[in-house]
Amino acid sequence: MSAEAWQITWFTVGVAALSTLAILPFGVALAWLLARRDWPGKSLVETFVALPLVIPPVATGLILLKLLGRRGPLGAWLESTFGWEIVFTWRGVVVATAVMSFPLLVRTARIAFEGVSPRLEHVARTLGAGPWRVFVTITLPLAARGLLAGAVLAFARALGEFGATIMVAGFIPGQTATLSLSIYHLVQLGRDAEAFSLLGVSVAIAFAAVWLSEWFLRRRPA
Amino acid sequence: MTLTLTQLRLPLGAFTLELDATLPGRVTAIFGASGAGKTSLLELIAGLRRPAAGAIRLADTTLTDVATFTFVRPEHRAIGYVPQEGALFPHLSVRQNLLYGFASARTRPADLTLAHVTAVLEIDPLLERATATLSGGEKQRVALGRALLAAPRLLLLDEPLAGLDAPLRARLLPYLARVRDEFVIPMLYVTHSPDEVMALCDDVLVLTAGRITARDRPAELFQPSPQPRYELRPPSV
């Protein structure tokens, strides 16, 4: 494999891992709120979070581009406050993949939390545990398998993200080129052999991610 | 330790739970058909539900009072709760289950130790087992031990023997009696079995569609007499 192919591979894995880690705390917290609490505006938030699943990824990318561009409301603020340029940088790739995988994480994590019997949480409360201790010692371990599945799904989605990424980050070799973007680009140029080697890498990463999570799940009986 | 329920109200679909009672007895049975509101009553006392109106007091502590916005959280009530089928934590060992509430219990009688509780309930051989490998009767004894070790001021038992066959129920009853005699903790015992009431309880409240329809000593309610004061037939809801 060429140095360029390695760079693309590590960049893609790094970006997918970073975006998964970034959405994990928010996704898990939101999933818990959706599974265990009733609050005003809940169904609105639910719908809003699911939107990236149903809107074409390119359209989501366009919304992000307008929001995060230098003259966009969020982009201008991020640049003046933190000096962060989002659009057409690696940060844009992270944002695009994070937004696209967030609904998958929230849905899976919500189902995981709903699978934990509230009766166990009730009993833990009567044994003197406050809400936080109940969450950490009962809810979280019992939902762990589902949460891990959600994280793997989000990671896989981030690995393969194309539409939103191309809108927000463009295809800049060495800066925003991910596996998916590069495969498309190489095929366009007629460099099929190189595209096939990246295809092999994609399959290998996906295989490793799924296999690792299966192994982890088997190790810990529910 | 007197438990006082003052004009307690909780709407429950088909009817409204409406209770006014003082429970001074050591072991009080809450007797009634399923759907009479027995479990909801326990949840109100444990603080797992809030009533629409009324107050709950244990000795001189106000646990819930809707009028004054008083509500003690369940983890600060020191009220033990053994739900149906025990609800053991499936990811923890028997020992971890038993000790879940032990360390955080604020005031603990000196004789309340893991060794004492496991001896009374005869569960010491099970300590390192996973909960999934326990039989129904073993699960119930562990659930009872777990509640006891949190040093409760009052113990709520929600049909602890339901779901077990008759011979097993008969074998477990003596354990409950031993707990009653070894650890002097007042209990509310929800059941629809007269046998259990006769074997364990000093006082019976009969709950029908959310209201107390009879209250007496077990012998008066359940033993044949020329004129039964309460007939054992399903209440009309």
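Please read all numbers here as calculations on a predicted model, not as lab measurements.

Definitions and cut-offs
- Residues numbered from 1 in each chain as written.
- Chains lettered and ligands numbered in written order.
- Predicted model: local features only at pLDDT ≥ 70, side-chain atom pairs only at ≥ 80, totals over all residues.
- Heavy atoms only, no water.
- Helix = DSSP H or I, 4+ residues; strand = E, 2+ residues; numbered from the N terminus.
- Buried < 20%, exposed > 50% of the residue type's maximum accessible area, 1.4 Å probe, protein only.
- Contact = heavy atoms within 4.5 Å.
- Areas by Shrake-Rupley, 256 points an atom, 1.4 Å probe, with all protein chains shown as cover.
- Lys, Arg positive; Asp, Glu negative; His and termini not counted.
- Charge placed at Lys NZ, Arg CZ, Asp CG, Glu CD.
- Axes fitted to C-alpha atoms, helices over the stretch in contact; angles between N-to-C directions.
- Nonpolar A, V, L, I, M, F, W, Y, C, P; charged D, E, K, R; others polar.
- pLDDT = per-residue confidence, 0-100.
- Salt bridge = Lys/Arg side-chain N within 4 Å of Asp/Glu carboxyl O.
- Pairing = 2+ DSSP bridges.
- Patch = residues over 30% accessible without salt bridge, like charges linked within 9 Å, V, L, I, M, F, W, Y side chains within 5 Å.

What follows deals with the overall build of chain A. For chain A, the count of helices and strands is ten helices and zero strands. Put simply, chain A runs from its N terminus to its C terminus through helices and strands in the order α-α-α-α-α-α-α-α-α-α. Seen along its three principal axes, the alpha-carbon backbone of chain A occupies a region of about 65 × 45 × 30 Å. Going through the 222 residues of chain A one by one, you find that 43% of them count as buried. Partitioning the intrachain contacts of chain A with sequence separation of at least 6 by distance along the chain shows that 69% fall at a separation of at least 24. Accessible surface, chain A: about 11600 Å² in total, of which carbon and sulfur atoms supply 71%. Positive and negative charge centroids in chain A, built from 18 and 11 side chains respectively, lie 10 Å apart.

The next subject is the packing of helix α3 (residues 114-121) of chain B against helix α5 (residues 166-182) of chain B. Residues and elements named next belong to chain B. Two elements in contact, α3 and α5, have axes whose closest approach is 9 Å; the angle formed by their N-to-C orientations is 140°. Note on element contacts: α5 touches α3 through Tyr175, Arg178, Val179 and Glu182, opposite His116, Ala119, Val120 and Leu121. Per-class residue counts for the contact of α3 with α5 are five nonpolar, one polar and two charged.

The next thing to look at is the confidence of the model for chain B. Mean pLDDT over chain B: 87, with 93% of residues reaching 70 or higher. Mean pLDDT in chain B bottoms out at helix α7 (residues 218-222) of chain B, which sits at 80, and peaks at helix α2 (residues 94-98) of chain B, which reaches 95.

In this section: the pattern of salt bridges. Summed over all chains, the structure comprises 22 salt bridges over all chains. The partner of Asp38(A) in a salt bridge is Lys42(A), and the shortest N-O contact between them spans 3.5 Å. Under the relative-accessibility criterion, Asp38(A) is labelled exposed at 74%. Accessibility expressed as a relative area gives 15% for Lys42(A), which makes it buried. The salt bridge involving Arg211(B) is made with Glu18(B); its shortest N-O contact spans 2.6 Å. Residue Arg211(B) is located in strand β11 (residues 211-216), and its partner Glu18(B) is located in strand β2 (residues 15-23); the two are separated by 193 residues in the primary sequence. Arg211(B) sits in the partly exposed class, given a relative accessible area of 45%.

Residue and element names in this part refer to chain B. The six strands are arranged β7-β8-β9-β3-β10-β11 in an open sheet whose pairing can be described as mixed. The outermost strands of the open sheet, each flanked by one partner alone, are β7 (79-82) and β11. If you compare each strand with its neighbour and ignore which way they point, the axes differ by 20° on average. The pairing of strand β10 (residues 203-208) with β11 spans five bridges and is antiparallel. Residue pairing in the sheet places Val206 in a bridge with Ala214 of β11. Together, β7 and β8 (154-158) form the strand contacts of helix α4 (residues 136-149), whose direction differs from that of β7 by roughly 170°. Against the sheet, α5 makes contact with β3 (27-31), β8 and β9 (187-191), and its axis sits at roughly 160° relative to β9, the strand it touches most.

Residue and element names in this part refer to chain B. Spatially, five strands are ordered β2-β1-β4-β5-β6 in an open sheet, and the strand pairing comes out antiparallel. Unpaired on one side and paired on the other, β2 and β6 (70-71) mark the two borders of the sheet. Pairing between strand β1 (residues 3-12) and β2: eight bridges, direction antiparallel. Following the sheet pairing, Leu8 is matched in β2 by Leu19. Across the face of the sheet, helix α1 (residues 38-46) comes into contact with β1, β2, β4 (53-58) and β5 (61-65) while running at roughly 120° to β1.

Right, let's get into a nonpolar patch on the surface. Residues and elements named next belong to chain A. Taken together, the side chains of Ile63, Leu67, Leu74, Trp77, Phe82 and Trp84 present a nonpolar region at the surface, about 580 Å² in accessible area. Listed by contribution, the elements that provide at least two residues to the nonpolar patch are α3 (57-68) and α4 (73-82). Top contributing element to the nonpolar patch by residue count: α4, with three residues. Along the chain, Trp77 falls in helix α4.

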